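Remarks on the overall topology
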Amino acid sequence: MAIGSEIERLIQLLAKLPGLGPRSARRAALALLKKRDTLLEPLSAALADAAGAIKTCEVCGNLDTASPCAICTDARRDPHLLCVVEDVADLWALERAAIFRGRYHVLGGALSALDGVTPERLNVGGLLARVKQGVDEVILAMNATVEGQTTAPYLMDVLGDIKVTRLAHGVPVGGELDYLDEGTLSAAFKARRAL
Ligand code: ZN
C-alpha cells in the first residue's frame, strides 16, 4: 500500500528536523496522525502562530514575539554585561540555568574554515557596535568545540581593551552548552576567567 502524498510530505518535512532521520520521522508522523485532536491540530496551530509571530531580535539576535526582545527591554537586566553566545539554543540554556542577569549577543554560529564560516557571516559588527555603547564586561560563552575555541580568541582580538571573560570549569572538550545540565553550566559561568 502506497502512503498518501500528504503523509509522505509530512514525513519528509519532519525528517529535516535535527535528531530525526526518516525512520523516526515516520514514527512521529504516525503519532501525530493517530492523535489528531490532542497533538496534530494543536501542533499545527502552534506552528502557524510561531511562523506568524516570532521575530529575530534586531538588537541581540534572540527569537521572540517582539523586537527588541523581552530580555533586551527588561530594565532589571544589566546592560553593561554582555554575554556572547553562538546560537539562540545557548542563550536558552543560560536562561534555564538562571545565572546571568545581563544581556546577550547571538553571533549566529562560530568560525569554521571547514564550513566556510568567516567573521563576515557572524554578527560581529553588531557586537562591536553594542560594546561601543558602554559595556563593562563581555563574557564569551562559546561552545567547547574547535569552532567555539577558534572564535573566542578572534573576538578577544577585535574587542580590544574591554574586559573579556570566558567560561571556565565544567565545560567538557567538545561540549555544547545546550547539552549541559544547569548545575555544570552555572559552575562554568561563575568560574569565568579574565582573558
Ligand atoms: Zn534581544
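Residues numbered from 1 in each chain as written. Predicted model: local features only at pLDDT ≥ 70, side-chain atom pairs only at ≥ 80, totals over all residues. Heavy atoms only, no water.

What follows is about the coordination of the zinc ion. The coordination sphere of the zinc ion, as far as protein atoms go, consists of Cys 57 (SG), Cys 60 (SG), Cys 69 (SG) and Cys 72 (SG), spread over 2.3 to 2.4 Å. For the zinc ion, the four donor atoms in the first shell make angles of 105 to 115° at the metal, a pattern classed as tetrahedral. Written as a sequence motif, the donor arrangement for the zinc ion is C-x2-C-x8-C-x2-C. With a gap of twelve residues between them, Cys 57 in the loop between strand E1 (55–56) and strand E2 (63–64) and Cys 69 in the loop between E2 and strand E3 (78–85) connect regions that are remote in the sequence. Using a relative accessible area of 3% as the deciding quantity, one classes Cys 57 as buried. (Donors = N, O, S within 2.8 Å, 3.2 Å for Na, K, Ca; no water. Tetrahedral: all angles 85-135°; square planar, octahedral: opposite > 155°, others 65-115°. Helix = DSSP H or I, 4+ residues; strand = E, 2+ residues; numbered from the N terminus. Buried < 20%, exposed > 50% of the residue type's maximum accessible area, 1.4 Å probe, protein only.)

Time to look at the environment of Pro 42. Along the chain, the position of Pro 42 falls in helix H3 (residues 36–53). Through-space distance from the C-alpha of Pro 42 to that of Arg 9 is 19 Å; in sequence the pair is 33 residues apart. Residues within four places of Pro 42 in sequence aside, it is in contact with Arg 36 and Asp 37. (Contact = heavy atoms within 4.5 Å.)

Looking now at the packing of helix H5 (residues 124–132) against helix H6 (residues 146–159). At a minimum axis distance of 11 Å, the contact between H5 and H6 shows a crossing angle of 45°. When the interaxial angle is binned, H5 and H6 end up oblique. For the element pair H5 and H6, the recorded crossing hand is right-handed. Where H5 abuts H6, its residues Val 124, Leu 127, Leu 128 and Val 131 lie against Tyr 154, Leu 155, Val 158 and Leu 159. Its residues placed into classes, the contact of H5 with H6 shows eight nonpolar, no polar and no charged. (Axes fitted to C-alpha atoms, helices over the stretch in contact; angles between N-to-C directions. Parallel < 35°, antiparallel > 145°, perpendicular 65-115°, else oblique. Left-handed = near helix turned anticlockwise from the far one by under 90°. Nonpolar A, V, L, I, M, F, W, Y, C, P; charged D, E, K, R; others polar.)

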